[in-house]
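Here's the letter readout for the chains.
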Amino acid sequence: MVIANNASAGFILGTLNRNINKKSKASGQLSLGEKIRNAGDDASGYAISEKMRVKIRSLDQADANVQNGASMLRVAEGAIQSQINLMRTIKEKVIDAHNDTNTDMDRAIIQKEITNYYNEINDIAAETTFNGKHLLLGTKVDEAVKSWYKLDHAEKLDGSDSFNFVSGSESTLDGQTGPFALFGTSTDVPSYDGYKINDVRLLPQSVTGTADESRVIGVNFTTNKNGLNNKAFKIVYPEGEQTFVFTYDMSANYRGTNVHKVDLNSESAVELVIRDLADLISNYVNVDYDSKYTGLGTKKILLTTIEAGAITDEPSLYDVVGVDLPGGDEYTHAAPLPDSMITHHEKHGKDGDTATWNIDLSGYSSAEDLISYFKGKAIYHSGNGKYYEFIDSSKSPTIDSVSKISGATVIDLNSIRSAVSSGQTVAKAFANLVVSKIGSSLAEAVTDTSGQVTGVNIRATVRGTEGNSQSVSIKQGDLRDYTLDFNSILGGVSGADIPGKLNGQGFRFYDATDANKWVNVLFYDGINPNDDPRPASGGHGMDIDTIVFDISDVDSVDSLLKTIYRGDGDKNKQGLSQFLANSSQNFRVAADYTAGTITIYDNRKYTVLNGQTEKGAKIANGVYDNVVNDYRNTYVNDLVIQHTDKSSANIHVRIPQTTMDQIFGYKVGAGSLDDYSVMTSEKREFLLGQDYPTPIQGALDKGIQYLIDANTLIGAQIVHMESADANIVTELENTTAAESTIRDADIAKSAMDLATANILSQSAQAMLSQFNHSSSDVLSLLQ
């Protein structure tokens, strides 16, 4: 008998084992909820899943970090807001203190409040923490800001004299180190004063003054004594009148005031009576008339006015008139002297000629030729001591547009251009302008036979021969000035190289009468807007004004000169012209953009030097100042918020330090909060700032802006944190979902697989049991 292997049973056994494995796997997936329980389930899926799980854990921590960072920033934000509120209160108190209804005692009380507010701000900065970490005290230098401090003496700014703006030969003057160039010369009077008025030429006298002529009134008494008896006449003069009456009865009374009786009995002949009358008249009107008897054998008197000129022909001022004196009431009647006896104008009063000087304009055919000659010159009239100075305003801001003689009447020649353009001749336009400024009483246009204006006559201030002692001349004012020719100074330097060439360079010029009073001009190729405001120079007996120019945008001599003269409205809010006008300095400045020159001149248009300084006004290379450069550090708290799993990829949070020295921007040791008090007007103005004439931001506004900027920065960083947190959450959700897809079990599928494997394994077991039973039967037979 042959017993063969049961192949079917073996197949069933293999199937059973596979189903048991499937059942085990499915039950494992259902119990863990994962379809990948180990690397054996899915090697590549397991690797991807594990990396994703690491990423998920990292993202969870990053999310927590960012949320903590945002919370920390909100703590800092709230603290700084409290500081801003305190600064607002401080500003309110400073405004209160600046009101002059407060006494010094009131201001002292206000200052105590302000000091406490300052201390509270510092306390907030020192005590604001998060998890024990100080937030508002910086741990890192953010920037080295240019700062300043003041000395009690002036010293040269290192390297500022390397560039030759000035070629000077005076090595030392007034204890100052040069070399200096001078505004004046040794030939000035006084020496080195620098100011003078030069004679150009005398105008020719075209008319000689002649004397005025007096009026002569003749009275010819062509009758005998009886014909003159009780006849009256009056002599009129500016101060009043005198009346004379011929009479035989000296006891008679005549009506009126200032009535004088002429005694007909005093002389035997009427001629002698008339002679005596001339003497009598002299007694009463000798101030106004010269009374003369014409001589023996005549009956005539000549009255010559002391005053001369045409005015004496006025009857209300000078005359002889017969007058009726009424009688009655004990008064004797007197009849008027017949007018036929009176010659009212034996000789007329006549005005004499006025001395006149002529300006000949016949040689000028164009307005520009005439303007070119007269600009900067002046007509000087010795009679009234006045100057009439010509300028050309179209040349502003050149020196030609500047008056150079103190007290002069300024005549702007620019108006001649428009007058000529409208059809007037050059001579007529000039003559009309001069007459309008000098006045028609002293000036008149001269015309030829055809009516064309050929010149201007300037008359003496008085008529007659007295005017012959006067003179009219052309003069020219010469200011106490110094001109810098930048075309020559910068010869060979291209426009783009000018800022670098002049960087850190400057010059200074000194007052003619005060060696401790000067102006510094300093150039920089760029100024950091974050630098501390430069304090005013001077003090300690020194009157110093310093202007600093940012010439980083200059690209030519023309733009350099415009920046120096007027500023550029951006980096340089004002130029040297406005700067000097707003200062106590005696200097002013003019500029010629075409010629490339800057002229510095003393605004005192008269001689000033009387030993106050060695050689008057002077100029030198380099800057001497008592305000010195320094640097102070600004601090931030630089914190790392780790929001990724890479050390190099993180968020740097910067929280500015908000102690008072950082808010006000002073260097500890060089400055203190005492500089920010309300006890003096200057300090209050420093705290509040000004809008005019030069806008200056107050220290309080600057400090408040510093805190606002700090909080704005923190707010922006909070937004950054919130955005980073949102990104982390999104990445976390997506990574978690992706990892779940790879690793997590499909419960329905696993349950189905389990059920299927369970059924199949039970069936296989039943079949194997049947096969085992058959084998047992065979064995039984064999036994």
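In case you missed it, the structure is sitting above this.
Residues numbered from 1 in each chain as written. Predicted model: local features only at pLDDT ≥ 70, side-chain atom pairs only at ≥ 80, totals over all residues. Heavy atoms only, no water.

All right, on to the pairing of strand β30 (residues 618-621) then. Consecutive residues of a regular strand have side chains that alternate between opposite faces of the sheet. Of the two faces of β30, the one carrying Lys-618 and Ala-620 and the one carrying Ile-619 and Asn-621 are both buried. Across three bridges, strand β5 (residues 176-182) lies against β30 in antiparallel orientation. The residue bridging Ala-181 from the neighbouring strand is Ile-619, located in β30. As judged from the four bridges shared by strand β25 (residues 506-510) and β30, these two strands associate in the antiparallel manner. Paired with Phe-509 across the two strands is Ile-619, which belongs to β30. (Buried < 20%, exposed > 50% of the residue type's maximum accessible area, 1.4 Å probe, protein only. Helix = DSSP H or I, 4+ residues; strand = E, 2+ residues; numbered from the N terminus. Pairing = 2+ DSSP bridges.)

This part takes up the sheet that holds strand β16 (residues 342-347). Note on sheets: strands pair through backbone hydrogen bonds, and any given pair is parallel or antiparallel. As summarised here, the arrangement of the four strands in space is β12-β13-β8-β16, forming an open sheet in which the pairing is antiparallel. Bordering the open sheet on either side are β12 (289-293) and β16, each of which pairs with just one other strand. Pairwise comparison of adjacent strand axes, ignoring direction, gives a mean angle of 25° for this sheet. Here five bridges tie strand β8 (residues 216-220) to strand β13 (residues 300-305), and the two strands are oriented antiparallel to one another. Of the residues in β13, the one forming a bridge with Gly-218 is Leu-302. Strand contacts of helix α5 (residues 270-285): β12 and β13, with the helix running at about 165° to β12, the strand carrying the most contacts. (Axes fitted to C-alpha atoms, helices over the stretch in contact; angles between N-to-C directions. Contact = heavy atoms within 4.5 Å.)

Between the first and last C-alpha of helix α8 (residues 426-438) there are 18 Å, a value that for 13 residues agrees with the 18 Å anticipated at 1.5 Å per step. Of the residues making up α8, those classed as buried are Val-426, Ala-427, Ala-429, Phe-430, Ala-431, Leu-433, Val-434, Val-435 and Ile-438. The positive-phi residue at the C-terminal boundary of α8 is Gly-439, with phi of around 105°. (Expected span 1.5 Å × (residues − 1).)

In this section: the sheet that holds strand β21 (residues 443-447). Spatial strand order, β7-β17-β22-β21: four strands in an open sheet with antiparallel pairing. Strands with a single pairing partner mark the edges of an open sheet, and in this sheet they are β7 (205-207) and β21. With direction set aside, neighbouring strand axes in the sheet form an average angle of 40°.

This model, assessed by the stated rule, comprises 34 salt bridges. Note that Arg-604 is salt-bridged to Asp-602, the shortest N-O span being 2.9 Å. In this pair, the class of Arg-604 matches that of Asp-602, namely buried. (Salt bridge = Lys/Arg side-chain N within 4 Å of Asp/Glu carboxyl O.)

Time to look at the environment of Ile-651. Turning to its location among the elements, Ile-651 is positioned in strand β32 (residues 651-656). Given a relative accessible area of 5%, Ile-651 falls into the buried group. Separated by 69 residues in sequence, Ile-651 and Asn-582 place their C-alpha atoms 50 Å apart. With near-sequence residues (within four places) excluded, Ile-651 lies in contact with Leu-639, Val-640, Ile-641, His-643, His-720, Met-721 and Ala-724.

Read these as layout, nothing more, since geometry by itself doesn't imply function.
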